[in-house]
Amino acid sequence: MDDLVDAIRDDLRAAADPSRAAGQQAYMKSTLPFLGVRVPTARRVAKARGRGIRDGGALRGAARTLWDEAQFREERYAALALLGLRPLRGHADLIPLIAHMVRTGQWWDITDELAHRVAELLDAHPAEAALLVRTWSVDDDMWMRRLAIIGQLGRRERLDFDLLADVIAQNADDPEFFIRKAIGWSLRDAARTRPDWVRAFVATHRLSPLSVREALKHL
C-alpha cells in the first residue's frame, strides 16, 4: 500500500504544471493547494498504478491514505479514482469511505465523482443501497443529500424511479443551489429513458424554478 501511495504521489508531481496551480485552486475555492495537474491526468495516474492490484483492501487503504494525508488536491482526485477500479466496484466495504470523503471534502467535485460509486452500489446491492440512499437523503450534511439525489445518474434502464422520487421529495423545499441543481440534473438524466414520467413528476410536485428548468431542458 505504501509503495502504491508513493508511486502515485511521485507521478503527480512529475506531471505538475505550477503555472496552472493557482488558477485551479481559485476556481475550486480549495483550501488545499494544487500541483497544477489536470483532473483527467490525476485519474489516469491513479488508475495506471492501481490497475494491476487485485486486493481491494490494499486499494481502499491506499485511497484512504491519499485522501487523509493529502497535501495537494490532486492526491484526493487520485484517491477517488482508485475507488473506481474493478476490485472495489459495488463493494459494500466502500460505504464508510464514501461517506467520509463526502463529509470531509464538502464540495461539488468530490460529491459528484462519488455518485458513480453509489450507482455501482445500487447495482450490486439494490435493496440495501436504496435504504442507505434514503437515509442519506435526510442527512444534516447538504453534500450527503446531494449524493443521494444524484446517486443514480447514468443508470438509464436500471434507474429506480421510486427511489428517485423519494429522495427528491425529501429535498424539494431546500433553498440550497447545489440541492436544487442536483434535483434538476437527476430528473434531466431520468428523462433520457422516461420523459413522460419526468413531465408528470414536474407537473405534480412543487419544485424550484431552477430544478424545473434543468429537468425539462431537453424535453
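About the criteria used
Residues numbered from 1 in each chain as written. Predicted model: local features only at pLDDT ≥ 70, side-chain atom pairs only at ≥ 80, totals over all residues. Heavy atoms only, no water. Helix = DSSP H or I, 4+ residues; strand = E, 2+ residues; numbered from the N terminus. Rg over C-alpha atoms; globule rule 2.2 N^0.38 Å. Buried < 20%, exposed > 50% of the residue type's maximum accessible area, 1.4 Å probe, protein only. Contact = heavy atoms within 4.5 Å. Polar contact = N/O pair within 3.5 Å; in protein donor to acceptor, adjacent residues only side chain to side chain. Lys, Arg positive; Asp, Glu negative; His and termini not counted. Salt bridge = Lys/Arg side-chain N within 4 Å of Asp/Glu carboxyl O. Phe/Tyr/Trp six-rings, centres within 6.5 Å; stacked < 30°, edge-to-face > 60°. Expected span 1.5 Å × (residues − 1). Patch = residues over 30% accessible without salt bridge, like charges linked within 9 Å, V, L, I, M, F, W, Y side chains within 5 Å. Areas by Shrake-Rupley, 256 points an atom, 1.4 Å probe, with all protein chains shown as cover. Charge placed at Lys NZ, Arg CZ, Asp CG, Glu CD. Axes fitted to C-alpha atoms, helices over the stretch in contact; angles between N-to-C directions. Parallel < 35°, antiparallel > 145°, perpendicular 65-115°, else oblique. Nonpolar A, V, L, I, M, F, W, Y, C, P; charged D, E, K, R; others polar. Core = buried A, V, L, I, M, F, W, Y, C linked by side-chain atoms within 4.5 Å.

Some remarks on the overall build of the protein chain
Turning to step 1, where the next piece is worked out: Counting its regular elements, the protein chain contains 13 helices and 0 strands.
Turning to step 2, where the next piece is worked out: N-terminal to C-terminal, the α/β element order of the protein chain is α-α-α-α-α-α-α-α-α-α-α-α-α.
Turning to step 3, where the next piece is worked out: Here the C-alpha radius of gyration of the protein chain, 18 Å, is about what a compact globule of 219 residues would show, namely 17 Å.
Turning to step 4, where the next piece is worked out: Projected onto the principal axes, the alpha-carbon positions of the protein chain cover approximately 55 × 35 × 30 Å.
Turning to step 5, where the next piece is worked out: Counting every position in the protein chain, which comprises 219 residues, the buried fraction comes to 53%.
Turning to step 6, where the next piece is worked out: Taking all contacts inside the protein chain whose residues are at least 6 apart in sequence as the whole, residues at least 24 apart take part in 70%.

Looking at the environment of Arg-145
Turning to step 1, where the next piece is worked out: Among the secondary structure elements, Arg-145 is positioned in helix H9 (residues 142-150).
Turning to step 2, where the next piece is worked out: On the basis of relative accessible area, Arg-145 is assigned to the buried category, the value being 13%.
Turning to step 3, where the next piece is worked out: Here the alpha-carbon distance between Arg-145 and Arg-134, two residues 11 residues apart in the chain, equals 9.1 Å.
Turning to step 4, where the next piece is worked out: If we skip the residues at most four places from it in the chain, Arg-145 touches Trp-136, Ser-137, Val-138, Asp-139, Asp-140, Asn-171, Asp-174 and Ile-179.
Turning to step 5, where the next piece is worked out: A polar contact of 2.8 Å, which involves the side chain of Arg-145, links it to the backbone oxygen of Asp-139.

Considerations on unusual backbone geometry
Turning to step 1, where the next piece is worked out: Phi is positive for Gln-106, which is not a glycine, with a value near 50°.
Turning to step 2, where the next piece is worked out: In this structure, Gln-106 sits in the loop between helix H6 (95-105) and helix H7 (108-124).
Turning to step 3, where the next piece is worked out: Judged by its relative accessible area of 34%, Gln-106 falls in the partly exposed class.
Turning to step 4, where the next piece is worked out: One non-glycine residue, Arg-156, lies in positive phi territory at about 50°.

Describing the side chain of Arg-76
Turning to step 1, where the next piece is worked out: The residue Arg-76 is located in helix H5 (residues 73-82) in this model.
Turning to step 2, where the next piece is worked out: Of the buried charged residues, Arg-76 lacks a salt bridge, with Asp-68 as the closest side chain of opposite charge at 5.2 Å.
Turning to step 3, where the next piece is worked out: A polar side-chain atom of Arg-76 sits 3.1 Å from the main-chain carbonyl oxygen of Trp-67.

Observations regarding the packing of aromatic side chains
Turning to step 1, where the next piece is worked out: A full pass over the atoms with the stated rule returns 7 aromatic pairs.
Turning to step 2, where the next piece is worked out: Each ring, one from Phe-34 and one from Tyr-77, has its centre 6.2 Å from the other, and the planes form 55°; the classification is tilted. Within this pair, whereas Phe-34 is found in the loop between helix H2 (18-28) and helix H3 (39-50), its partner Tyr-77 is found in helix H5, the two being separated by 43 residues in sequence.
Turning to step 3, where the next piece is worked out: Among the residues examined, Phe-34 registers a relative accessible area of 6% and is labelled buried.
Turning to step 4, where the next piece is worked out: The exposure class of Tyr-77 is buried, given its relative accessible area of 5%.

Considering H7
Turning to step 1, where the next piece is worked out: Taking 1.5 Å as the rise per residue, H7 with 17 residues should run 24 Å; its terminal C-alpha atoms sit 25 Å apart, in good agreement.
Turning to step 2, where the next piece is worked out: Counting buried positions along H7 gives 13 out of 17 residues, so the element sits mostly inside the fold.

Description of a positive patch on the surface
Turning to step 1, where the next piece is worked out: A cluster of basic side chains, namely Lys-47, Arg-51, Arg-86 and Arg-89, defines a positive patch on the protein surface.
Turning to step 2, where the next piece is worked out: Relative to the elements of secondary structure, Arg-89 occurs in the loop between H5 and H6.

Topic: the packing of H5 against H7
Turning to step 1, where the next piece is worked out: Their axes nearest at 10 Å, the elements H5 and H7 cross at an angle of 10°. The pairing of H5 with H7 is recorded here as roughly parallel in orientation. On H7, the residues touching Arg-73, Tyr-77 and Leu-80 of H5 are Asp-109, Ile-110, Glu-113, Leu-114 and Arg-117.
Turning to step 2, where the next piece is worked out: In the contact of H5 with H7, the residues fall into 4 nonpolar, no polar and 4 charged.

A closer look at the nonpolar core
Turning to step 1, where the next piece is worked out: By size, the foremost hydrophobic cluster in this structure holds 73 residues, and its most contacted members are Ile-8, Leu-82, Met-101, Leu-114, Leu-147 and Leu-187.
Turning to step 2, where the next piece is worked out: With 7 residues, the top contributor of residues to this core is H9.
Turning to step 3, where the next piece is worked out: Residues in contact with Leu-147, not counting those within four places in the same chain, are Ile-98, Val-102, Thr-111, Leu-114, Ala-115, Val-118 and Trp-136.

Details of the side chain of Glu-214
Turning to step 1, where the next piece is worked out: With respect to the helices and strands, Glu-214 occurs in helix H13 (residues 209-215).
Turning to step 2, where the next piece is worked out: Accessibility expressed as a relative area gives 5% for Glu-214, which makes it buried.
Turning to step 3, where the next piece is worked out: Excluding anything up to four places from it in sequence, Glu-214 contacts Lys-181, Gly-184, Trp-185 and Arg-188.

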